[in-house]
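# Overview (structure and organization)
For reference, the chains in residue letters:
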Protein chains: 2
Amino acid sequence: MKKAFFLLVACLIFIDAQAQKIQSPNGNVALQFALTDKGEPTYQLQFKGRDVVRTSHLGLELARDRHASKGMAETDLLDGFVVKDTKTLTFDETWTPVWGETRTIRNHYNELAVTLQQPQANREIIIRFRVYDDGMGLRYEFPQQQDLNYFIIKEEKTEFQMADDHMAWWITGDYDTQEYPIQTSRLSEIRDRIHRDMLKRGQKYPEGSEERMYSAVVWDNASMNPVESTVQTSLQMKSPDGLYINLHEAACIDYATMHLTLGSDNRTFTSHLTPDATGMKGYMQTPCQSPWRTVIVSDDARDMLSSNLILNLNEPCALDDTSWIHPTKYCGVWWEMIVGRSSWNYTDEFPSVKIDQIDWQKAKPNGRHAANTATVKRYIDFAAENGLDQVLVEGWNIGWEDWANRWKQDVFDFVTPYPDFDIAELNRYAHSKGVKLMMHHETSSAANNYERHLEKAYTLMNRYGYDAVKSGYVGDIIPRGDHHYSQSMNNHYLYCIKEAAKHHIMVNAHEAVRPTGLCRTYPNLVGNESARGTEYEAFGGSKPDHTVILPFTRLQGGPMDYTPGILETQLNTWSDNTSYVRSTLVGQLALYVTMYSPLQMAADLPENYAKYMDAFQFIRDVACDWDDSRYLEAEPGDYITVARKAKNSDNWFIGCKADENGHRSMLKLDFLDKGKKYECTIYADGKTAHYKDNPKDYTITKRTVKQGDVLRLTAAPGGGYAIALKVKK
Amino acid sequence: MKKAFFLLVACLIFIDAQAQKIQSPNGNVALQFALTDKGEPTYQLQFKGRDVVRTSHLGLELARDRHASKGMAETDLLDGFVVKDTKTLTFDETWTPVWGETRTIRNHYNELAVTLQQPQANREIIIRFRVYDDGMGLRYEFPQQQDLNYFIIKEEKTEFQMADDHMAWWITGDYDTQEYPIQTSRLSEIRDRIHRDMLKRGQKYPEGSEERMYSAVVWDNASMNPVESTVQTSLQMKSPDGLYINLHEAACIDYATMHLTLGSDNRTFTSHLTPDATGMKGYMQTPCQSPWRTVIVSDDARDMLSSNLILNLNEPCALDDTSWIHPTKYCGVWWEMIVGRSSWNYTDEFPSVKIDQIDWQKAKPNGRHAANTATVKRYIDFAAENGLDQVLVEGWNIGWEDWANRWKQDVFDFVTPYPDFDIAELNRYAHSKGVKLMMHHETSSAANNYERHLEKAYTLMNRYGYDAVKSGYVGDIIPRGDHHYSQSMNNHYLYCIKEAAKHHIMVNAHEAVRPTGLCRTYPNLVGNESARGTEYEAFGGSKPDHTVILPFTRLQGGPMDYTPGILETQLNTWSDNTSYVRSTLVGQLALYVTMYSPLQMAADLPENYAKYMDAFQFIRDVACDWDDSRYLEAEPGDYITVARKAKNSDNWFIGCKADENGHRSMLKLDFLDKGKKYECTIYADGKTAHYKDNPKDYTITKRTVKQGDVLRLTAAPGGGYAIALKVKK
């Protein structure tokens, strides 16, 4: 006991002697860097004097591998360091995103760059910290030098030691999917809950059981490799004393995606990178750097949502011309297949297909194929009549007969339509009505097959006038043995984004890696799925609080193609599907405002919208690009209320989404322009509305409002409200 | 004991009851198929009544994997079979290869196709046997059916039970290289010799030691994954009673390359497929089939060399137009780098390079870069003056500074020349002299990087008029964890060949998979390395018998770009390299005839040829495409003598190559046309010639010969002779 105390004191003294301190511009966030007596780098972070990250280690464990250069095989980048140099910097700029929540974004931070030397190995690395008023980012930089050229990362060892048993909103660590229900628990419950559900893997859940799809921490999915004691980022937490803390990463390029393994102390997270087929985590050549490891922190939950820290830590736009990139509202031939009423595949004639060995013209149609010319024309008409820009069509191309879960290499060619999909005529028809078709490239995770066809696939899009593609990565990765979030697959996704940019094509990649703000650098990355989307409402459901957690977690890295707007929430009213959407009808409208994305789908069927055209009017009207955004109310897992000003307009839209408990708001409209009058259309849950039993009880009221007016509004359980504010001329 | 006897009798009776027999057209080769009492398929093979393959099992072990279709997860394809149907067929055709050893090839066999049913699993497979006068091929066929769509091969279990302790010419089984010295031993010695050398892996051999490069069964190379108790094919054997037996495979497409694991009985080989990164051996979708497993057999060693069995088991030419495919004799900027006198890389300025981040114009040249405009022009002049068609240039493109052994992904772009290589001018200059440049694409085994650049790389070749590419796969494969000879990599090589054909480009792939006769189907595959080539003579040497084994083994599957013609065999006479070529000067000339290839390099330097222009005349004159070939003498590891008639000509060339013991021939020229007179130029070893101490003692004599004349000739130790026979007008 005495000895332990002595060591602690010695350590503290030593840290102090070596400590480097830096504060955020307003002083709220303070960071300290220090070396231990073993030369281990550590840092700690405070917000208004309260511990956010307690003393935590930094460094990397390297593989002993013959591909690494001299010296790399003997020494990790974990200890034996001395501080060779420190540099500080203040940076302040305001930049204009191609699309976003606000017209401009301020990037204001103080920076500390510590050059560390391992004298014995003759190596130097730099750890760079950027401290913002709402958090910090840190990254490792590896300059080119004689004795540090090639190295292989066995594991990154970046720690985040939390100060208390925080509440956390988390999903299980997994190398291949993020489509988990979000769990809410104390840190101390995480390890047991994952372990308990890992033991249940492969178990049959009762038919129609809510447990499996709705609550299970892990289960068996098309591609799933969960990791014990480990969670994914962005991880949202709340301390017992009311600090909101978010851990994520920014600018993940040529690097594996980071998970966080929680130690047995239930406080300390350590980085856990996604391996490739060799089990290694990164193949590095200097000069290079890690992504930024980010901590967003505030004592106001709304600051979590308005933070631009992750975008700011990404590099500026790399594209010279962005004039072809635009926000997009779309509908699509999709939900009717998800629900099970029609099919992606054209024929049921064959037990399996090899796409180049079938005479598709002679194949027997199954009569359920949705992507046929007549149906698509109906969707085009609907889009044209309702101001939607594009129509997504899934299942248009040959190969859907056996596309999934077979680890099949040559699954699609991305250019050959089914016989009943007249690609030339449909594009002509769409363009004649001022609408574009949206391309769909499901890769079935055969990444190398996709790359072989990529140039021809994009060229086909250019020929017919498609300018956006939804890509998909369902199932296990080919090259076999690799994972969705490894360094090599992350390189693949970015390769596709860059190649698409050459063709002036916008990308919306589903089942790809979760975003880390790369849309700043490559704004043609207009969306990702990378979380449990609306489709799960047809697979057993998502919890009513799901959409009031996602903006705190998944959306930190970039917009999500959540595909909201299911107004006919009870699927059995029009299909054989017994699932239902855990949201009121009005709650679905609110998502267009609360879940920011430049790409918004009106996901329900035209015939369903026809039943609720008064409510659908909000989807017609709502913008998807903004000059300003004001988060009015927020609490993770409870409610989010946000007001946004449409781009190049004086009109505002307000959305509020609530969890299963509903929410009452008193909104002061002090953000409106002084002296202007606004026609205010309020889409609200009815008095007896409830996501489960009475989702379609809603009211639409109009009134005139001005700056300073107060609106008292109630969101039903699983509901919300949506407001359109139009300046009166 | 009694029980064992009873079972044996029962088994024999059962086999007899179920046996299916088939003979070759002339009756020399007889095959019998039977099921055991457990329903295991077996076969046996005889030649003139002597056992070639004793009763051996057939079948496949399947992986229990969720990607396989219903039923596949429970039952292997090893037993429980009943014979549902048998079909026999006689086939006889003569086809004309685009290039080859003879003008036409006869494909004459009797076929037995056995349809086997596993009643419990409701599955059928077909085992198809084709029996030739010089051997047989068998393959597994998997028809499409309800309960056999997708399956994963854990291991193929095809046995070849030899009848005795044969002499064998073998190299160690390895998933990534065939560049081993060939071992000569009894079967009973193989397992111990591999095991002994596996234990030595990683040991330092004495500097300049012959042991390491010259004799070691395994050692450490750029990419090497040797397998205990396992050898590669083609495997040549000789039985104690004088039967020559060769095991290999034909038409390896969408399947992993087969190795052979020798059982503890030292008689029975079992197929051992190359795994991919998952450890699995094959991802299959019906309808599909395995490659042919081949046994070539004769009591005359010459029949091993003239056999067309492997070509015949491949599919006919798949290309509509082959007019652009042509035999090619070439020299190149290559040997001077191999020997170490000049370099592939342009600069030594950087510890490593990222090719798109270097200003190559400003990089400091190292002064040793061989692929510069002046040097290449000198090679072009040499080619033009000496009737060579093309000039290979290695090291022309950026990236060679750190290309090897780093598992580096973005190593080359295949289109950007170094600043001192004027690609436009050099091609203009070459074409003006009637010569073409030959392209070089070293991939560093980053297969996916190569595929990303393939279209642009081939397009560049078309723009400048290159029509042949030497590709290379040095180092460990990317996608990392995969192997050179896996199903996925075999698919990659064929993908490149097919894409090249679209561009009218001929392919010569080094370090790629060993060939299995695919050049019949894709005759633009004009060559492979896939064995220990001449380069090893600069790395410590190859044994003098190496080139009198290769035609029995490696060349069974297709031609080798062996790069012969090193006339200045002692490298220290013109460089700092202390190695030497284990051949006499004349032995090098003989290789142009004994090592058949439509692609032949004159591999030495122009200035070295200048010293031996009288001997070089043979390299100028010798053809590399043939109307006829007659193997006059042959014994594996001892000597090979062959006479070949040049395509569309009456001229013949004869080559003889001997091992370290030399060889005496008495050649009866009965293959010459009756009534014609031939000018006969004989390039022979001098009386004191020896590959080690006196390699350049040679004589050139001329005489006139006619049909029936006899030539008495002596090949020195490690030597040979070369003869040009030109019809006198």
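We now turn to the structure provided with this report. Note that the structure is a prediction, hence the values are computed from the model and not measured.

Quick notes on the rules
- Residues numbered from 1 in each chain as written.
- Chains lettered and ligands numbered in written order.
- Predicted model: local features only at pLDDT ≥ 70, side-chain atom pairs only at ≥ 80, totals over all residues.
- Heavy atoms only, no water.
- Least-squares fit on C-alpha atoms with pLDDT ≥ 70 in both.
- Salt bridge = Lys/Arg side-chain N within 4 Å of Asp/Glu carboxyl O.
- Helix = DSSP H or I, 4+ residues; strand = E, 2+ residues; numbered from the N terminus.
- Buried < 20%, exposed > 50% of the residue type's maximum accessible area, 1.4 Å probe, protein only.
- Contact = heavy atoms within 4.5 Å.
- Buried area = accessible area lost by both parts, 1.4 Å probe.
- Polar contact = N/O pair within 3.5 Å; in protein donor to acceptor, adjacent residues only side chain to side chain.
- Pairing = 2+ DSSP bridges.
- Arc of directions from axis to C-beta.
- Axes fitted to C-alpha atoms, helices over the stretch in contact; angles between N-to-C directions.

### Side note on the relation of the copies chain A and chain B
At an RMSD of 0.0 Å, chain A and chain B line up after a rotation of 180 degrees and a shift of 0.0 Å along the axis. What the rotation and shift describe, once combined, is the action of a two-fold rotation axis.

### Focus on the pattern of salt bridges
Taken as a whole and judged by the stated rule, the model has 83 salt bridges over all chains. Put simply, A:Arg520 and A:Glu93 hold a salt bridge, and the shortest N to O gap is 3.3 Å. With A:Arg520 in the loop between strand 27 (506-510) and strand 28 (525-528) and A:Glu93 in strand 6 (residues 82-95), the pair connects residues that are 427 residues apart, well separated along the chain. For A:Arg520, a relative accessible area of 7% gives the class buried. According to the relative accessible area criterion, A:Glu93 is partly exposed, its value standing at 28%. Here B:Lys706 ties to B:Asp709 by a salt bridge, and the two come within 3.2 Å at their closest N and O atoms. With a relative accessible area of 46%, B:Lys706 lands in the partly exposed category. Here the salt bridges do not stand alone but share partners, grouping A:Glu111, A:Arg128, A:Arg130, A:Arg139 and A:Glu141 into one network.

### Points about the interface of chain A and chain B
Accessible area lost on assembly of the parts is the figure often given for the size of an interface. Contacts between the two partners involve 41 residues from chain A, matched on the other side by 41 residues from chain B. Taking both sides of the interface into account, the surface hidden between chain A and chain B amounts to around 3400 Å²; carbon and sulfur atoms contribute 46%. On the chain A side of the contact with chain B, A:His67, A:Arg406 and A:Arg452 bury the most area, a combined 20% of that side's loss. The interface formed by chain A and chain B contains 2 salt bridges. The closest approach of N and O atoms between B:Glu451 and A:Arg452, which form a salt bridge, is 2.6 Å. At the junction of chain A with chain B, the criterion picks out 18 residue pairs in polar contact (both at pLDDT 80 or more). The set of elements that each furnish at least two residues to the side of chain A that touches chain B consists of strand 20 (282-285), helix 9 (447-464) and helix 10 (487-502) of chain A. At 5 residues, helix 10 of chain A tops the list of elements feeding residues into the side of chain A that touches chain B.

### Observations regarding the side chain of B:Ser307
All names here are of chain B. Looking at the element boundaries, Ser307 is found in the loop between helix 4 (301-306) and helix 5 (309-312). Within the local environment of Ser307, its side chain forms a polar contact with the backbone nitrogen of Leu309, the two atoms lying 3.1 Å apart. Once residues lying within four places of it in the same chain are set aside, the contact partners of Ser307 are Asp134 and Ile296.

### Comments concerning the pairing of strand 17 (residues 244-250) of chain A
Residues and elements named next belong to chain A. The element strand 17 is largely enclosed, with a buried count of 7 among its 7 residues. Burial along strand 17 is two-sided: the face carrying Tyr244, Asn246, His248 and Ala250 and the face carrying Ile245, Leu247 and Glu249 are both buried. Taken together, the 4 bridges between strand 16 (residues 235-238) and strand 17 define a ladder with antiparallel strand orientation. Opposite Lys238, over in strand 17, you have Tyr244 as the bridge partner. Connecting strand 16 to the next strand, strand 17, in antiparallel fashion are 5 residues, including Gly242 with a positive phi near 90 degrees.

### Digging into helix 8 (residues 423-432) of chain A
All names here are of chain A. Those residues of helix 8 not exposed but buried are Ile423, Leu426, Asn427, Tyr429 and Ala430. Looking straight down helix 8, one finds its buried side chains confined to an arc of 160 degrees; they lie on one side. Those residues of helix 8 that are buried are in contact with helix 7 (373-385), strand 25 (436-442) and helix 9. One or two residues past the end of helix 8 sits Gly434, with phi positive at roughly 75 degrees.

### Regarding the sheet that holds strand 10 (residues 150-156) of chain B
Residues and elements named next belong to chain B. On the basis of which strands lie adjacent, the open sheet formed by 3 strands has the order 5-10-20 and antiparallel pairing. The strands lining the two open edges of the sheet, one partner per strand, are strand 5 (60-62) and strand 20 (282-285). Neighbour to neighbour, the strand axes of the sheet diverge by 50 degrees on average, direction disregarded.

### A closer look at unusual backbone geometry
In this model, A:Thr233 is joined to A:Ser234 through a cis peptide bond whose omega is 0 degrees. Relative to the elements of secondary structure, A:Ser234 occurs in the loop between strand 15 (226-232) and strand 16. Cis geometry marks the peptide bond from B:Ile478 to B:Pro479; its omega dihedral reads 20 degrees. Relative to the assigned elements, B:Pro479 resides in the loop between strand 26 (468-472) and helix 10 (487-502). With phi around 60 degrees, B:Ala251 is a residue other than glycine that occupies positive phi space. Mapping B:Ala251 onto the fold places it in the loop between strand 17 (244-250) and strand 18 (258-262). Even without glycine at this site, B:Ser530 takes up a positive phi of about 60 degrees. For B:Ser530, the location among the structural elements is in the loop between strand 28 (525-528) and helix 11 (585-594). When its relative accessible area of 4% is taken as the criterion, B:Ser530 is described as buried.

As far as function goes, none of this settles anything; it's purely spatial.
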